[in-house]
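# What the coordinates show
Spelled out from the first residue to the last, the chains are:
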Amino acid sequence: MSALRINIVLFGIGNVGSTLINQVIESQKFFLEKRNIELRFPIITNSTLAFFEKGGIKNQWEANFAQSAIPFRIEDIIEYVQEQQLENLIAVDATASSDIVKNYIPLIQNGFDIVSANKKANTLHTDFYKELRRNLKKFDKSFLYETNVGAGLPVVQTIKELHFSGEEITKIRGVFSGSVSYIFNRFSSEELPFSKILAEAEKTGLTEPDSREDLSGNDVARKLLILAREIEQQVEFSDITISSLLLPNLNEDNSKAEYSVNKQLFDKPFHIAKITQADNHVLRYVGEFDIKSKQLEVKLISVPKSSALGQLKGADNLIEIYTKSYGELPIVIQGAGAGKQVTARGVLTDILKVAETIKIKEAVWLSL
Ligand SMILES: NC(=O)C1=CN([C@@H]2O[C@H](COP(=O)(O)OP(=O)(O)OC[C@H]3O[C@@H](n4cnc5c(N)ncnc54)[C@H](O)[C@@H]3O)[C@@H](O)[C@H]2O)C=CC1
Ligand SMILES: N[C@@H](CC=O)C(=O)O
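Residues numbered from 1 in each chain as written. Chains lettered and ligands numbered in written order. Predicted model: local features only at pLDDT ≥ 70, side-chain atom pairs only at ≥ 80, totals over all residues. Heavy atoms only, no water.

With that out of the way, let us pick up the site of ligand 1. Near ligand 1 lie 23 residues; those nearest to it are Val 16, Thr 95, Lys 119, Glu 208 and Gly 339. The backbone of Thr 95 places a nitrogen or oxygen atom 2.7 Å from an oxygen atom of ligand 1. Residue Lys 119 places a side-chain N or O atom 2.7 Å away from an oxygen atom belonging to ligand 1. Its free accessible area being 840 Å², ligand 1 has 85% of it covered by the protein chains. Mapping ligand 1 onto the cavity grids shows that it belongs to the largest pocket. For the shell around ligand 1, a count of residues per class yields eight nonpolar, 13 polar and two charged. Three or more residues apiece are contributed to the shell around ligand 1 by two domains, here domain 1 (4-151 + 341-367) and domain 2 (155-337). (Near = heavy atom within 4 Å. Polar contact = N/O pair within 3.5 Å; in protein donor to acceptor, adjacent residues only side chain to side chain. Areas by Shrake-Rupley, 256 points an atom, 1.4 Å probe, with all protein chains shown as cover. 1 Å grid on protein atoms, 1.4 Å probe; cavity = no way out; pocket = protein on both sides within 12 Å on 5 of 7 lines; lining within 4 Å. Sits in = over half its atoms within 2 Å of the grid points. Nonpolar A, V, L, I, M, F, W, Y, C, P; charged D, E, K, R; others polar. Domains from an automatic or database assignment.)

What follows deals with the domain arrangement of the protein. A common way to report how large an interface is uses the accessible area buried once the components associate. According to the domain assignment, the protein contains domain 1 (4-151 + 341-367) and domain 2 (155-337). A straight line from the C-alpha centre of domain 1 to that of domain 2 covers 28 Å. With both sides pooled, the region where domain 1 packs onto domain 2 buries about 1800 Å², and carbon together with sulfur makes up 54% of that total. Where domain 1 meets domain 2, there are two salt bridges. In this structure, Lys 119 engages Glu 208 in a salt bridge whose closest nitrogen and oxygen atoms are separated by 3.2 Å. Among the secondary structure elements, those contributing two or more residues to the side of domain 1 that touches domain 2 are helix 5 (126-138) and helix 13 (340-367). Sorting elements by how many residues they give to the side of domain 1 that touches domain 2 places helix 5 first, with three residues. In terms of residue class, the side of domain 1 that touches domain 2 is built from seven nonpolar, seven polar and five charged. (Buried area = accessible area lost by both parts, 1.4 Å probe. Salt bridge = Lys/Arg side-chain N within 4 Å of Asp/Glu carboxyl O. Helix = DSSP H or I, 4+ residues; strand = E, 2+ residues; numbered from the N terminus.)

A word on the UniProt feature "domain: Aspartate/homoserine dehydrogenase NAD-binding" (unreviewed entry) in the protein. Mapped onto this structure's residue numbering, the UniProt feature "domain: Aspartate/homoserine dehydrogenase NAD-binding" (unreviewed entry) falls at residues 12-146. Annotated as residues 12-146, this span is 43% helix and 20% strand, and its ends, taken at the C-alpha atoms, are 17 Å apart. (UniProt positions renumbered as here; feature names shortened; annotations may be inferred.)

A full pass over the atoms with the stated rule returns twelve aromatic pairs. On the basis of an interplanar angle of 65° and a centroid distance of 5.9 Å, the ring pair of Phe 30 and Phe 31 is categorised as edge-to-face. Classification of Phe 31 by relative accessible area gives buried; the value is 3%. Ring geometry for Phe 194 versus Phe 266: centroids 5.6 Å apart, planes at 55°, classification tilted. Linking Phe 194 in helix 8 (residues 194-203) with Phe 266 in the loop between helix 11 (256-261) and helix 12 (267-275), this pair joins segments that are 72 residues apart in sequence. By relative accessible area, Phe 194 is classed as buried at 0%. (Phe/Tyr/Trp six-rings, centres within 6.5 Å; stacked < 30°, edge-to-face > 60°. Buried < 20%, exposed > 50% of the residue type's maximum accessible area, 1.4 Å probe, protein only.)

By the criterion of burial, strand 10 (residues 281-290) is predominantly enclosed, with eight of the ten residues buried. Here strand 10 pairs with strand 11 (residues 295-304) via ten bridges, running antiparallel. Residue pairing in the sheet places Glu 288 in a bridge with Glu 297 of strand 11. (Pairing = 2+ DSSP bridges.)

The calculated volume of the largest pocket comes to roughly 660 Å³. The wall of the largest pocket is formed by 36 residues, among which Val 16, Lys 119, Thr 207, Glu 208 and Pro 209 lie closest to the centre. Looking at the lining of the largest pocket residue by residue, the classes come out as eight nonpolar, 16 polar and twelve charged. When contributions to the lining of the second largest pocket are tallied by element, the ones reaching two or more residues are helix 5, helix 6 (155-164) and helix 10 (218-230). Per element, the largest residue contribution to the lining of the second largest pocket is four residues, and it comes from helix 5. Taken together, the residues of the lining of the second largest pocket break down into four nonpolar, four polar and six charged. Both of domain 1 (4-151 + 341-367) and domain 2 (155-337) provide at least three residues apiece to the lining of the second largest pocket. (Points joined across faces, edges and corners; volume = space filled by probe spheres on them.)

What follows is the structure, given as structure tokens:
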């Protein structure tokens, strides 16, 4: 039987997007042999330019992009896939853009399934959230976004399945930010200024494109909102109480350039927060959603070094899910919650899941 060819239009070729391309190129043979699936990228884009290659990009894609990418609008992309009669289309959003999300519905209406690492579509107003799902249903398309929470960790899926089975989830809490986890895990155990560790988190690709999204608590709040909506709670972003880590004189009101050069302003307040804790305590930035009281909160806490949260390493997330059946002892999901390799692998898993769904639909069509 001939392989199922999947055509991926990739928006965003930064940390996650470029790693995804390289992972696919590396494992191409494996997918063909084991899954009978061929993954191609006929279009890749950054925020302003797109590179078109009908047969799919090859190893030297970065040089080709630099040489031949051209300005694009979403209409150009839709027109191109139609003209070239490309089938089995998946749009992959590896941006943090709010603009790109406006294209999801037109893409779905033009035959695309969607896979997204970008949290924006799931955290806009409920009206958009519902409209998106109405379109998915109408056009029989999938939208997968496991990497929206916990990067490659199976958090969304676990919550979804617990809810699907009728399990009553009572509380979800823990460390949801990989980048802030990395910052505080190092800040607690090493004698380094906060700003230096922040700069290293940015350089390694652990933070959002603008790390103020992490330090403001918005990124954690988005994750709480995404999980809350998975269990059909009617909540908006504005319902979340967020205690920001940004400073009155260094926050979203500053330009990106001012923020970049003034990060050492973080050093003194965080040093004070560190040394004024009780003995053997460390700082952790946590999110909590209490379902009964409908309270969603993001805050900085000080915990004993010996506790589960206190022992986190690297960019670990630790997410506790309390449910009726599990009682006082929660389900715990722990592991790297940020990083380009784990996140790209999570996106790739979603792509393969969509491909399997397409395969099943094709088989049904063929049997008719
Ligand atoms: N880096 C990580 O560890 C994780 C990232 N994510 C999510 O993955 C997404 C991407 O993160 P990174 O790759 O780290 O960011 P990045 O800043 O390295 O890359 C972002 C890319 O998106 C492109 N872009 C921006 N606006 C665009 C637009 N309107 N249309 C097309 N392309 C556009 C940029 O040019 C760039 O190529 C974010 O939404 C982030 O929250 C999720 C889990 C973990
Ligand atoms: N900035 C985010 C990336 C993943 O969502 C984080 O650190 O958790």
